[in-house]
Amino acid sequence: MIQVSNLAFRYSPSVAIRFPDFSVARGQHFLLLGDSGSGKTTLLHLVGGLLRNYEGSVSVDSTELATLSETALDRFRGQKIGFIFQRNHLLSALSVEQNLMMSPYLAGLPIDNGRIADVLATLGLAEKRKSRVNTLSQGQAQRVAIARAVLNKPAIIFADEPTSALDDKNCDRVIALLLEAASQHESTLIIATHDQRLKSHLTQQIQLTAS
Ligand SMILES: Nc1ncnc2c1ncn2[C@@H]1O[C@H](COP(=O)(O)OP(=O)(O)OP(=O)(O)O)[C@@H](O)[C@H]1O
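Residues numbered from 1 in each chain as written. Predicted model: local features only at pLDDT ≥ 70, side-chain atom pairs only at ≥ 80, totals over all residues. Heavy atoms only, no water.

Moving on, we get to the overall build of the chain. Helices and strands together make up the secondary structure of the chain, namely 6 helices and 10 strands. The dimensions of the chain, computed from C-alpha atoms along their principal axes, are 50 × 40 × 30 Å. Classification of the 211 residues of the chain by burial places 50% in the buried group. When contacts within the chain are restricted to residue pairs at least 6 apart in sequence, those whose partners lie at least 24 apart make up 71%. (Helix = DSSP H or I, 4+ residues; strand = E, 2+ residues; numbered from the N terminus. Buried < 20%, exposed > 50% of the residue type's maximum accessible area, 1.4 Å probe, protein only. Contact = heavy atoms within 4.5 Å.)

In structure tokens form, the structure reads like this:
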């Protein structure tokens, strides 16, 4: 499903961030570990098609991402990948429902109101459907971000530090939700984190070292 080999990325011409080779099969769950600055976010953005112009190979579902046009890459990302970013990237003035509708809209997929209701119910957010995001607690907003990421039933879910700001109870809850959402559609799940608490939940790991 995901294959990375000889991958390197340069934010500036003189400094290359190099990544280890790895492959992840459909439905597998991995932790992406490494010190601050080792490149975890960069790697998620490369494999998720948010950063281009890499050296080496990034293949997702047998497609080398560098071969896709900008438009094809946008669509590919919208249909196959759900992102949960370090900051939740929700549109705070819009309702929960409107935020969720962005997901199929941007992927060129039909909006399925029943699916929105199901996902919100699974995440304990059914009563918040019409609420504006800026009226939610941090934990609720994070669950909306998870709902948005899984709405299109993506083949791959990437989560960037989803638990670092959470207490133990909410950390356990978010991990359980992510694992459940991934299992429902046999999605591949990769979680980038420093959070040692997650090691007991996901046993497979990709380790980055700062160069
Ligand atoms: N937009 C950018 N422009 C230039 N350099 C960047 C940019 N984003 C990241 N970097 C550099 O790339 C390296 C990897 O950063 P990245 O954010 O991928 O690491 P990380 O492992 O996710 O860190 P953290 O755990 O602190 O979030 C760092 O040296 C960082 O300074």
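Additional details are given in the paragraphs that follow.
This next bit is on the site of the ligand. Around the ligand sit Y11, I17, D35, S36, G37, S38, G39, K40, T41, T42, Q86 and H194, and that is every residue in its neighbourhood. T41 is positioned such that a nitrogen or oxygen atom in its backbone is 2.8 Å from an oxygen atom of the ligand. In this structure, T42 approaches the ligand through a side-chain N or O atom, which is 2.5 Å from an oxygen atom. Relative to its unbound accessible area of 630 Å², the ligand is 55% covered by the protein chains. With 3 residues, the top contributor of residues to the shell around the ligand is helix α1 (residues 40-47). Its residues placed into classes, the shell around the ligand shows 2 nonpolar, 8 polar and 2 charged. (Near = heavy atom within 4 Å. Polar contact = N/O pair within 3.5 Å; in protein donor to acceptor, adjacent residues only side chain to side chain. Areas by Shrake-Rupley, 256 points an atom, 1.4 Å probe, with all protein chains shown as cover. Nonpolar A, V, L, I, M, F, W, Y, C, P; charged D, E, K, R; others polar.)

The subject of this paragraph is helix α5 (residues 138-150). Along its 13 residues, α5 runs 19 Å from first to last C-alpha, staying within 8% of the 18 Å computed at 1.5 Å per residue. Burial analysis of α5 places 11 of its 13 residues in the buried class, which makes it a mostly covered element. The complete set of buried residues in α5 reads Q140, A141, Q142, R143, V144, A145, I146, A147, R148, A149 and V150. Residues of α5 that are buried in the fold lie against β7 (81-84), α3 (96-107), α4 (113-122), β8 (156-160) and α6 (168-184). (Expected span 1.5 Å × (residues − 1).)

The values are spatial; any link to function lies outside them.
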